[in-house]
Amino acid sequence: MNKKTVEDIDVAGKRVLVRCDFNVPFDAEGNITDPKRINEAMKTIKYLIDHKAKVILCSHLGRPKGEFNMKYSLAPVAEYLSKALGQEVKMAKDVVGESAKSIAASLQDGEVEMIENVRFHKEEEKNDPAFAKELASLAEIYVNDAFGTAHRAHASTAGVADYLPAVCGYLIQKEITIMGGALTEPKRPFVAILGGAKVSDKIGVITNLLDKVDTLIIGGGMAYTFMNALGYSIGTSICEGDKVELAKDTMAKAKEKGVKFLLPVDNVVATEYKADAENKVVDSDQIPDGWMGMDIGPKTCELFADAIKGAGTVVWNGPMGVSEWDAFANGTIAVAKAVADSGAISIIGGGDSAAAVEKLGFADKMTHISTGGGASLEFLEGKVLPGIACLNDKD
Ligand SMILES: Nc1ncnc2c1ncn2[C@@H]1O[C@H](COP(=O)(O)OP(=O)(O)O)[C@@H](O)[C@H]1O
Ligand SMILES: O=C(OP(=O)(O)O)[C@H](O)COP(=O)(O)O
């Protein structure tokens, strides 16, 4: 990666504004249920503390629609960080107001402030230059480490870089190096596994990866649009009618490029979209009317596992079925197991597939689980991420 990092700039004694993605999930009692994104930001924060920077952390949390709403306050994240760092993280009451400014001005070397949720101002998502300038005025250096939000061109993720020296943190560096490496110099065979609900969400990734992979595996709800394109009856399975032609074109392109293209050969079908719906296994050309595909079947699990077995690199995004429900999670479990056992460089996109891998206990066996759902998808589509493009290039 040719972007400057925290190690390329002298931070000692300087006020450093660090954009993190602290958009973490909470339970009903307000407890953080998955602190992965906070933990992944620690390396950069600790580096800055150790190198005597005055650290000003900022992030969004949820979608508060440009208004102060304490339901989306970052105070619980500051509390979590204070414990994790073993030092106080001084929580400001506002974003660019008196509280944020006076704490920033009083910071000693190695101290840490957290300003409030940047999305409490509607100017944030509009990437308003005046707001970006005001944010920038809190600090002398800008560090972006918010990979999960790097696909957003907002004031705190991109605009602020117009006013300060701008470098990336360790998390962005890690995400880009690992995912970028897989795309540009994959250890072969390179196998991509795509699942999840919709073709329309993943078609950009499919198209970009068709030029790079040796094998493309399609499972999950979106497989039924492809099966429909092959002329199979798919019962009441989810299908995007306006993407059937695109699915045909994609399969033709795969053939042209010599990419092995695998679809489910059997499926767990159910009578309705319910956790405890009556279900059975049928071949892909035998889906009865009134039944919907909810998971890949056992023959498909074997077929996919076989293709994954000898892989050098695996990129996986999207579950193989409705994996939130136990009765339809077997395909996702089988694929997670196959990826874990493959010994391949394994990269899991964020979102539901990352959640499934963590829940199933395979996280330790994967090379990399991205902290960004939307951001990792856009990166795999080959798109330029504004939160990275805005950073200073290495000399
Ligand atoms: N056969 C299916 N029918 C309906 N929904 C499905 C099916 N397979 C997977 N899904 C749904 O797809 C969703 C995940 O898709 P997506 O958001 O694209 O994944 P990711 O977040 O990993 O990118 C889950 O809610 C899952 O229940
Ligand atoms: O959680 C996030 O995205 P993700 O669910 O796609 O990983 C990021 O924090 C971005 O949030 P946003 O989609 O409200 O801009």
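Predicted model, so just to flag it, every value in this text is computed and none were measured. Every residue gets a number counted from 1 within its own chain, in the order that chain's sequence is written. All chains are assigned letters beginning with A, and all ligands numbers beginning with 1, in the order in which they are written. With the structure being a predicted model, the display of local features is reserved for residues of pLDDT at least 70 and the display and counting of side-chain atom pairs for 80 or more, all residues being used for whole-chain, interface and lining totals. Side-chain metrics in this entry use all non-hydrogen atoms of the structure; hydrogen atoms and water are not considered.

Quick word on the overall build of the chain
Right, so step 1: In terms of helices and strands, the chain carries 14 helices and 15 strands.
Right, so step 2: Its C-alpha radius of gyration of 23 Å places the chain within 12% of the 21 Å reference for a compact globule of 395 residues.
Right, so step 3: Principal axes of the C-alpha set define a box for the chain whose edges measure 70 × 45 × 35 Å.
Right, so step 4: Note on classification: 1.4 Å probe, protein chains only; a residue is buried when its accessible area is under 20% of the maximum for its type, exposed when over 50%, partly exposed between these limits. Considering the chain as a whole, with its 395 residues, one finds that 55% of them fall into the buried category.
Right, so step 5: Any two residues whose heavy atoms approach within 4.5 Å at even a single point are treated as in contact. Considering only contacts in the chain between residues 6 or more positions apart, those separated by 24 or more positions represent 73%.
Right, so step 6: Methods summary: accessible areas were calculated by the Shrake-Rupley approach with a probe of 1.4 Å, and residue burial reflects only the protein chains presented. Summing over all exposed atoms, the chain offers an accessible surface of approximately 16,500 Å²; the carbon and sulfur share of this is 48%.
Right, so step 7: Charged residues are defined here as Lys and Arg on the positive side and Asp and Glu on the negative side; His and the ends of the chain fall outside this count. By convention, charge coordinates are those of NZ in Lys, CZ in Arg, CG in Asp, or CD in Glu. For the chain, the centre of its 44 positive side-chain charges and the centre of its 56 negative side-chain charges are spaced 2 Å apart. A run of H or I in DSSP counts as a helix once it spans at least four residues, and a run of E counts as a strand once it spans at least two, with each numbered from the N terminus. Using C-alpha atoms as the atom set, the radius of gyration is obtained and then compared with a globule rule of 2.2 Å times the number of residues to the power 0.38.

Remarks on the layout of surface pockets
Any empty space left between the atoms is revealed when a probe the size of a water molecule rolls over them.
Right, so step 1: Considered as a void within the structure, the largest pocket measures approximately 710 Å³ in volume.
Right, so step 2: For cavity detection a 1 Å grid was placed over the protein atoms alone, and a set of points counts as a cavity when a 1.4 Å probe fits there but cannot get out; an open set counts as a pocket when protein lies on both sides within 12 Å along at least five of seven lines, with lining residues being those that have an atom within 4 Å of a point. What lines the largest pocket is a set of 39 residues, and nearest its centre among them are Gly196, Pro319, Gly321, Glu324 and Asp352.
Right, so step 3: For the lining of the largest pocket, the secondary structure elements donating two or more residues are helix 7 (199-210), strand 12 (292-296), helix 11 (330-342), helix 12 (351-359) and helix 13 (374-380).
Right, so step 4: For the lining of the largest pocket, the element with the highest residue contribution is helix 12, accounting for six residues.
Right, so step 5: Residue classes follow a fixed rule: Ala, Val, Leu, Ile, Met, Phe, Trp, Tyr, Cys and Pro count as nonpolar, while Asp, Glu, Lys and Arg count as charged, and any other residue, Gly among them, counts as polar. A class-by-class count of the residues in the lining of the largest pocket yields 15 nonpolar, 16 polar and eight charged.
Right, so step 6: The computed volume of the second largest pocket comes to approximately 330 Å³. Grid points are joined across faces, edges and corners, and a volume is the space filled by probe spheres set on the points.

Quick word on the sheet that holds strand 7 (residues 190-194)
Right, so step 1: A strand pair is defined by DSSP finding two or more bridges across the two strands. Across the sheet, six strands lie side by side as 9-8-7-13-14-15; this open sheet has parallel pairing. Two strands lie at the open edges of the sheet, namely strand 9 (260-262) and strand 15 (368-369), each paired on one side alone.
Right, so step 2: Relative to strand 8 (residues 215-218), strand 7 runs parallel, the two being bridged by four bridges. Paired with Ile193 across the strands is Ile217, a residue of strand 8.
Right, so step 3: Only the stretch in contact is used when a helix axis is fitted, and all axes are lines through C-alpha atoms; the angle between N-to-C directions ranges over 0 to 180 degrees. Across the sheet, helix 11 is in contact with strand 7, strand 13 (313-317) and strand 14 (345-348); its angle to strand 13 comes to roughly 155°.

Remarks on the UniProt feature "binding site: substrate" (unreviewed entry) in the chain
Right, so step 1: UniProt records the feature "binding site: substrate" (unreviewed entry) at Asp21, Phe22, Asn23, Arg37, His60, Leu61, Gly62, Arg63, Arg119 and Arg152, using the numbering of this structure. As for the lining of the largest cavity, the annotated residues named previously contribute Asp21 and Arg37.
Right, so step 2: With respect to the element layout, Phe22 can be found in the loop between strand 1 (15-19) and helix 1 (36-50).
Right, so step 3: When its relative accessible area of 0% is taken as the criterion, Phe22 is described as buried.
Right, so step 4: Excluding residues that lie within four positions of it along the chain, Phe22 makes contacts with Ile38, Ala41, Ile45, Leu57, Ser59, His60, Leu61, Leu74, Val77, Leu81 and Met114. UniProt positions are given in the numbering used here, feature names are shortened, and annotations may be inferred rather than shown by experiment.

Considering empty space enclosed by the protein
Right, so step 1: On inspection of all chains with the given rule, the structure shows one cavity of 30 Å³ or more.
Right, so step 2: Roughly 40 Å³ of volume is contained in the largest cavity.
Right, so step 3: If you trace the largest cavity, you find it lined by Cys20, Asp21, Arg37, Ala41, Asp145, Phe147, Gly148, Leu171 and Thr371.
Right, so step 4: The class makeup of the residues in the lining of the largest cavity is four nonpolar, two polar and three charged.

A closer look at the site of ligand 2
Right, so step 1: Proximity is defined per residue: any heavy atom of the residue falling within 4 Å of a molecule or strand makes that residue near it. Near ligand 2, the surroundings consist of Asp21, Asn23, Arg37, His60, Arg63, Arg119, Gly148, Thr149, Arg152, Gly372, Gly373 and Gly374.
Right, so step 2: Here a polar contact is taken to be a pair of N or O atoms separated by no more than 3.5 Å, where protein atoms must pair a possible hydrogen donor with a possible acceptor and residues adjacent in sequence count only if both atoms sit in side chains. Asn23 places a polar side-chain atom, nitrogen or oxygen, 2.9 Å from an oxygen atom of ligand 2.
Right, so step 3: Residue Gly373 places a main-chain N or O atom 2.8 Å away from an oxygen atom belonging to ligand 2.
Right, so step 4: For ligand 2, whose unbound accessible area comes to 390 Å², protein coverage reaches 79%.

Side note on the UniProt feature "binding site: ATP" (unreviewed entry) in the chain
Right, so step 1: Those places that UniProt annotates as "binding site: ATP" (unreviewed entry) correspond, in this numbering, to Lys202, Gly293, Glu324, Gly350, Gly351, Asp352 and Ser353. Sequence-wise these annotated residues cover 152 residues; spatially they are dispersed, their C-alpha atoms as much as 23.7 Å apart. Those annotated residues from the list above that line the largest pocket are Lys202, Gly293, Glu324, Gly350, Gly351, Asp352 and Ser353.
Right, so step 2: Within the secondary structure layout, Gly351 lies in helix 12.
Right, so step 3: Residue Gly351 is classed as partly exposed on the basis of its relative accessible area of 46%.
Right, so step 4: Looking at where Ser353 falls in the secondary structure, it is placed in helix 12.
Right, so step 5: Residue Ser353 is classed as buried on the basis of its relative accessible area of 1%.

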